[in-house]
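# Overview (structure and organization)
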Amino acid sequence: MLRLSPAQTQAIAAAQTQTAFAQLAAHCRTYYPDAVCHLTDEALINQLHSCHSRAQSYGLTSRRDLYRFVNLTLSFGWEFDRDANLPWMRQYLTDPRVDSPAQRLELLVKYAIHRLEIEESNRALRQEFAPALTEQNNPYTGDQHEAQTFEPIESNLLFPNPCWVNSDSEED
């Protein structure tokens, strides 16, 4: 039987850890190039070690959970779980009503995807329905335009058909 010394075991574990973080860095460069393009390989690995420590602090220990935690990090910021503008993220990760850390992460990922989809939809709607106003075509800016005043709208113009206001009305 082959016996390894503690030093050999530590060396193998260190090599496996180094390989795992190199693979995680490659994942980041492949799927989140804009988020990591400014980082050297060494700086990225250091950030990933920090992510790994934070993930462990929430009880997340599997490789899958680490990748998901890193995906959230690259989507919402390196300190997403500490961001005062994103308190819901930490609340999901620490929710005492959910027993398993992996389940808490699963719920967070689902909700984060939902929020990203809403943001993307809102962005598309703004592009479609809100024309970009420039200084030249914006009637509310510049010295060449006078301030506009608006007259109050008569209530019968808002609801010209009485049936829109009162469902008991028999007029159509």
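Summarised in this report is the structure supplied together with it. (Residues numbered from 1 in each chain as written. Predicted model: local features only at pLDDT ≥ 70, side-chain atom pairs only at ≥ 80, totals over all residues. Heavy atoms only, no water.)

### Section: the overall build of the protein chain
Defined as follows: Here a strand is any run of E in DSSP of at least two residues, a helix any run of H or I of at least four, and the numbering for each starts at the N terminus. Under the scheme applied here, a residue whose accessible area is under 20% of the maximum for its type counts as buried, over 50% as exposed, and between as partly exposed, the area being computed with a 1.4 Å probe on protein chains only. Contact criterion: two residues are considered in contact whenever any of their non-hydrogen atoms come within 4.5 Å of each other.
In terms of regular secondary structure, the protein chain is built from 8 helices and 0 strands. What you see in the protein chain, going N to C, is helices and strands ordered as α-α-α-α-α-α-α-α. Out of the 172 residues in the protein chain, the part that is buried amounts to 23%. In the protein chain, once contacts between residues fewer than 6 apart in sequence are set aside, the share between residues at least 24 apart is 45%.

### A short note on the packing of aromatic side chains
Using the following cut-off: Working definition: a ring pair exists when centres of Phe, Tyr or Trp rings (six-membered ring for Trp) sit within 6.5 Å. Plane angles under 30 degrees give stacked, over 60 give edge-to-face, the rest tilted.
By the definition in use, this model includes 5 aromatic pairs. Each ring, one from tyrosine 58 and one from phenylalanine 69, has its centre 6.1 Å from the other, and the planes form 40°; the classification is tilted. Of this pair, tyrosine 58 sits in the loop between helix H3 (41-57) and helix H4 (63-76) while phenylalanine 69 sits in helix H4, and the two are 11 residues apart along the sequence. Here tyrosine 58 matches phenylalanine 69 in class, with each residue buried. The interplanar angle of 90° and the centroid separation of 6.0 Å between the aromatic rings of phenylalanine 76 and tryptophan 88 together place this pair among those described as edge-to-face. Separated by 12 residues along the polypeptide, phenylalanine 76 in helix H4 and tryptophan 88 in helix H5 (residues 87-94) bring together distant segments of the chain.

Structural measurements only, silent on function.
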